[in-house]
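A closer look at the structure
These are the residues of each chain, in order.
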Amino acid sequence: QVQLVESGGGLVQAGASLRLSCLASGRTFRGYVVGWFRQGPGKGREFVAAISWNNVSVKYGDSVKGRFTISRDNAKNAVYLQMNSLKVEDTAVYYCAADLRGTLGSSSAAYGYWGQGIQVTVSS
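Summary of the structure given here. (Residues numbered from 1 in each chain as written. Predicted model: local features only at pLDDT ≥ 70, side-chain atom pairs only at ≥ 80, totals over all residues. Heavy atoms only, no water.)

Each helix and strand in the protein chain was counted, giving zero helices and 11 strands. The helix and strand sequence of the protein chain, counted from the amino end, reads β-β-β-β-β-β-β-β-β-β-β. Its C-alpha atoms give the protein chain a radius of gyration of 13 Å, within 12% of the compact-globule value 14 Å for 124 residues. Looking at the protein chain residue by residue over its 124 residues, the buried ones come to 41%. Contacts in the protein chain between residues at least 24 apart in sequence constitute 59% of all its contacts with a sequence separation of at least 6. (Helix = DSSP H or I, 4+ residues; strand = E, 2+ residues; numbered from the N terminus. Rg over C-alpha atoms; globule rule 2.2 N^0.38 Å. Buried < 20%, exposed > 50% of the residue type's maximum accessible area, 1.4 Å probe, protein only. Contact = heavy atoms within 4.5 Å.)

Written as structure tokens, this is what we have:
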């Protein structure tokens, strides 16, 4: 079964950028839809972005569209989330998730494989 590990989080000031990485082991990402979710303090899990296995289809949550970019490098079994113009509201634990299916989903219930999450903190 696929195992997912996130990296690249940290503490930054508003307006800065970070790039999160999601690396897979056990299986490749081939054929998998991969998404990013986040959960801020006292909040539910929020959809951030998703990408098809071939990079053709992407989907973003309204709160991050225009600022975040999801991409993947299947040769490296990696998916990335480039986060620009970070806001305090982006502070959350970010999770990488994957599932083998043909369409992108924005519901966490649609993803069967999850990383443990990584903290992103944005200060003013």
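After that view of the structure, there is still more to cover.
Read across the sheet, four strands follow the order β1-β3-β8-β7 without closing on themselves; strand pairing throughout is antiparallel. Edge positions in the sheet fall to β1 (3–7) and β7 (68–73), since each has one partner strand and no second. For this sheet, the mean inter-axis angle between neighbouring strands, taken without regard to orientation, is 15°. Pairing geometry for β7 and strand β8 (residues 78–83), over six bridges, is antiparallel. Looking at β8, one finds that T69 is bridged to Q82. (Pairing = 2+ DSSP bridges. Axes fitted to C-alpha atoms, helices over the stretch in contact; angles between N-to-C directions.)

We now examine the pattern of salt bridges. If you walk through the whole model with that rule in mind, you get three salt bridges. A salt bridge links E46 to R38, with the nearest nitrogen and oxygen atoms 2.9 Å apart. In this structure E46 comes out as partly exposed when scored by relative accessible area, which is 31%. Here R38 falls in the buried class, since its relative accessible area comes to 5%. (Salt bridge = Lys/Arg side-chain N within 4 Å of Asp/Glu carboxyl O.)

Buried residues dominate β8, accounting for five of its six residues. Across six bridges, the pairing between strand β3 (residues 18–25) and β8 is antiparallel. Residue pairing across strands places L18 opposite M83, the latter belonging to β8.

Let us now look at the environment of R101. Along the polypeptide, R101 turns up in the loop between β9 (92–100) and β10 (113–114). Separated by 19 residues in the primary sequence, R101 and Q82 have C-alpha atoms spaced 24 Å apart. Excluding residues within four positions of it along the chain, R101 makes contact with G31, V33, A110 and Y111.

Next up on the list: the packing of aromatic side chains. The full count for this structure, using the stated rule, is six aromatic pairs. Note on Y32 and Y113: the rings are 6.2 Å apart at their centroids and 70° apart in plane angle, and the pair reads as edge-to-face. With Y32 in strand β4 (residues 32–39) and Y113 in strand β10, this residue pair connects regions lying 81 residues apart in the sequence. Judged by relative accessible area, Y32 falls into the buried class, the value being 8%. A relative accessible area of 22% means that Y113 is categorised as partly exposed. Centre to centre, the rings of Y111 and W114 are 6.4 Å apart; their planes meet at 75°, and the pair counts as edge-to-face. The class for Y111 is buried, based on a relative accessible area of 4%. (Phe/Tyr/Trp six-rings, centres within 6.5 Å; stacked < 30°, edge-to-face > 60°.)

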